[in-house]
Amino acid sequence: MDEKVTTAATSEERAEAEQLRRREDVQRALEDATGRKRKAPVKARQKVGLLVYLLLLVALGGLYYAQRLDYFDLLDRYRPPLQRFTLGAMAIVLTLAVGKFIDSYLICRVRDDASQYNLRRVLRLVQVLVIFFITLSVVFANWYTAVAGLGLGALVLGLAVQTPMTSLLGWVYILARTPYRVGDRIRIGEATGDVIDVGYLDTTLWEFGGQYLSTDHPSGRIIKFPNSDVLSNAVWNYSWPLFPYIWHEVKFHISYDSDLEFVAQVMQEVASAEVGEEMMSRVRAFRELLAHTPIDELEVHERPAVIFRVSDNTWLEAIVRYVVPPREAGRVKTRLIKKLLERLNAEPERVKFPKSNMR
């Protein structure tokens, strides 16, 4: 009785979560259609940061104006470099203030966390490049000398750090083509895990599975690989935003003289009770995607499907296949195995499993 109540409560929670996600999707679609998007509030700390930059800019402007007055005749010899350094400091503060403004009033309004993360990374890189060139213009009064030196240094540096430069290009490719984003569950090469950081040179995964686990459970380890790998390796993304689900299955070995119709009925009933309602809406979305491609959708079922296959040994494989979010695959499979065995073991005359002395 308690198990049924718990199952019912879990189903209600899943239904409420699904309804909430749908409301958010509808709200987002309405905002995109009407052009009326909710504004994210600017935090007090962000406003204080902008005020600090503004005060610094005013103070540096006052210092630059004071340097032009005749009260500093003793510093005539150092006046030009001082003015150049002050202008450079003003330009750097202005760059930081503009970046703070963009982050506080524009990027914070982006609803998607992964997009916010990527935009902040790009903004940071642009700020670093701008500050770098401002520093060059301050240190080198002669632009021709600075550009020539920079070009020669870039050539030598490019030859010395070819792999990091390729990884930087890989980062640009990840932002432009989005084979994965922060929060996605992916596999690339032999690495599998959830993306927790996409840096300028490398990507960090929180590994799941791995050599010590047989299930899709976090292993406690992190994996780092250079972004250049994305240019030369296939990427499996289990969290595609348009269809963030995967097909999963539970498999049992049964004898040839089992009641296959009964086995198929029981497996489909149990699986439908567990994931049936959610699966119908997910498969409908999948079919809408397929409608825009030449892929044949004859094998796409709205409810869990049961199939039988001949095993390599002397048994049949009874398989039930269903759709599930990748991070819930292990939990759903465990629940299904328990419920399926409870139902199938209750009919030993109709369902014959391998015995310990018959394997």
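Quick summary incoming for the structure in this document. (Residues numbered from 1 in each chain as written. Predicted model: local features only at pLDDT ≥ 70, side-chain atom pairs only at ≥ 80, totals over all residues. Heavy atoms only, no water.)

## Some remarks on the overall build of the chain
We apply this condition: We count a stretch as a helix when DSSP gives it H or I for four or more residues in a row; a strand needs E for two or more, and each element gets its number in order from the N terminus. Categorising residues by exposure relies on relative accessible area from a 1.4 Å probe, with only protein chains included: less than 20% of the type maximum marks a residue as buried, more than 50% marks it as exposed, and the intermediate range marks it as partly exposed. Residues count as neighbours in contact if any of their non-hydrogen atoms are within 4.5 Å of one another. Exposure was quantified through the Shrake-Rupley algorithm and a 1.4 Å probe, taking into account, for residues, occlusion by the shown protein chains and nothing else.
Within the chain, the regular secondary structure consists of eight helices and eight strands. Residue burial in the chain is summarised as follows: out of 359 residues, 31% are buried. In the chain, the share of contacts with a sequence separation of at least 24, taken over all contacts with a separation of at least 6, comes to 64%. If you sum the accessible surface of the chain, you get close to 23300 Å²; carbon and sulfur atoms cover 60% of it.

## Overview of helix H8 (residues 329–345)
So the rule is basically this: In a helix, the anticipated span is given by 1.5 Å times the number of residues less one. The directions considered for the arc run from the helix axis to the C-beta atoms.
Its 17 residues give H8 an end-to-end C-alpha distance of 24 Å, which sits within 8% of 24 Å, the value for a rise of 1.5 Å per residue. By the burial criterion, the buried members of H8 are Ala 329, Val 332, Leu 336, Lys 339, Leu 340 and Leu 344. End-on, the buried residues of H8 take up no more than an arc of 125°, which puts them together on one face. Of the exposed residues in H8, the ones pointing more than 90 degrees away from its buried face are Arg 331, Lys 338 and Glu 342.

## Some details on unusual backbone geometry
Despite not being glycine, Thr 178 shows a phi value in the positive range, around 45°. Residue placement: Thr 178 occurs in the loop between helix H6 (162–177) and strand S1 (185–188).

## Some remarks on the packing of aromatic side chains
Rules: Between rings of Phe, Tyr and Trp, where Trp is taken as its six-membered ring, a pair exists when centres lie within 6.5 Å; planes separated by under 30 degrees are stacked, by over 60 edge-to-face, and by other angles tilted.
The tally for this structure, following the rule as stated, stands at four aromatic pairs. Seen in terms of ring centroids, Tyr 180 and Phe 225 are 6.5 Å apart; in terms of plane orientation they differ by 75°. Their pairing is edge-to-face. Remark: Phe 225 occurs in strand S4 (residues 218–226) and Tyr 180 occurs in the loop between H6 and S1; sequence separation between them is 45 residues. Residue class for Tyr 180 comes out buried when judged on its relative accessible area of 1%.

## Structural notes on helix H7 (residues 260–290)
Here is the rule we go by: Any pair of N or O atoms that falls within 3.5 Å is considered a polar contact. Within protein, one atom must be able to donate a hydrogen and the other to accept it, and sequence-neighbouring residues count only if both atoms are side-chain atoms.
Its 31 residues place the ends of H7 only 32 Å apart at the C-alpha level, less than the 45 Å of an ideal helix rising 1.5 Å per residue. Capping of H7 at its N-terminal end is provided by Asp 259; its side-chain oxygen lies 3.3 Å from the backbone amide nitrogen of Glu 261.

## A look at the sheet that holds strand S3 (residues 202–208)
What counts here: Any two strands between which DSSP finds at least two bridges are classified as paired. All axes are obtained by fitting lines to C-alpha atoms, using only the stretch in contact for helices, and the reported angles, taken between N-to-C directions, cover 0 to 180 degrees.
Taking strand neighbours across the sheet as the criterion, the five strands line up as S4-S3-S2-S1-S5 in an open arrangement whose pairing is antiparallel. If you trace the sheet from one side to the other, it starts and ends with S4 and strand S5 (235–237), each paired once. Each strand of the sheet is rotated relative to its neighbour by a mean of 40°, with strand direction disregarded. As paired strands, strand S2 (residues 191–198) and S3 are joined by five bridges and run antiparallel to one another.

## What to know about the packing of H7 against H8
Our working definition: Note on angle classes: values under 35 degrees are labelled roughly parallel, values over 145 roughly antiparallel, values of 65 to 115 roughly perpendicular, and the remainder oblique. Helix crossings are classified by the rotation of the near helix relative to the far one: an anticlockwise turn of less than a right angle makes the crossing left-handed, while a clockwise turn makes it right-handed. Classes in brief: Ala, Val, Leu, Ile, Met, Phe, Trp, Tyr, Cys and Pro nonpolar; Asp, Glu, Lys and Arg charged; the others, Gly included, polar.
Look at H7 against H8: their axes get within 10 Å of each other, and the N-to-C directions meet at 140°. Of the possible angle classes, the one that applies to H7 and H8 is oblique. Relative to H8, H7 is oriented so that their crossing is right-handed. For the pair H7 and H8, the contacting residues are Val 263, Val 266, Met 267, Glu 269, Val 270, Ala 271, Glu 274 and Val 275 in the first and Val 332, Arg 335, Leu 336, Lys 339, Leu 340, Arg 343 and Leu 344 in the second. Among the residues forming the contact of H7 with H8, the class breakdown is 10 nonpolar, no polar and five charged.

## Considerations on the environment of Glu 349
Positionally, Glu 349 belongs in the segment after H8. Classification of Glu 349 as exposed rests on a relative accessible area of 65%. In the structure, Glu 349 is positioned 90 residues away from Asp 259 in sequence and 8.6 Å away in space, judged by C-alpha atoms.

## Quick look at the side chain of Thr 192
Mapped onto the elements of the fold, Thr 192 is located in strand S2. Thr 192 sits in the buried class, given a relative accessible area of 16%. Polar side-chain contacts of Thr 192 include one of 3.2 Å to the backbone oxygen of Phe 208. Discounting residues that sit within four places of it in the chain, Thr 192 has contacts with Ile 186, Arg 187, Leu 205, Glu 207, Phe 208 and Ile 223.

## Description of the nonpolar core
Here is the rule we go by: Among buried residues, the Ala, Val, Leu, Ile, Met, Phe, Trp, Tyr and Cys ones that are joined through side-chain atoms within 4.5 Å form a nonpolar core.
If you look at the biggest cluster of nonpolar residues, it comprises 30 residues, and the most contacted ones within it are Tyr 322, Leu 336 and Leu 340. Of all the elements in the fold, those that place two or more residues in this core are strand S6 (246–254), H7, strand S8 (316–324) and H8. With 11 residues, the single largest contributor to this core is H7. Those residues in contact with Leu 340, other than ones at most four positions away along the chain, are Val 250, Phe 252, Val 266, Met 267, Val 270 and Val 320. Ranked by size, the runner-up nonpolar core spans 12 residues in total, among them Ile 174, Ile 186, Ile 188 and Val 198.

## Topic: the environment of Thr 334
With respect to the helices and strands, Thr 334 occurs in helix H8. Distance in space between the C-alpha atoms of Thr 334 and Val 250 is 9.3 Å, their sequence separation being 84 residues.

## Here we look at the pairing of S8
With eight of nine residues buried, S8 lies mostly within the body of the structure. Of the strand pairs in this sheet, S6 and S8 are connected by nine bridges, and their pairing is antiparallel. Bridging from a neighbouring strand, Ile 254 pairs with Leu 316 of S8. The pairing of strand S7 (residues 305–310) with S8 spans six bridges and is antiparallel. Bridging across to S8, Arg 309 finds its partner in Glu 317. Two successive antiparallel strands, S7 and S8, enclose a turn made up of five residues.

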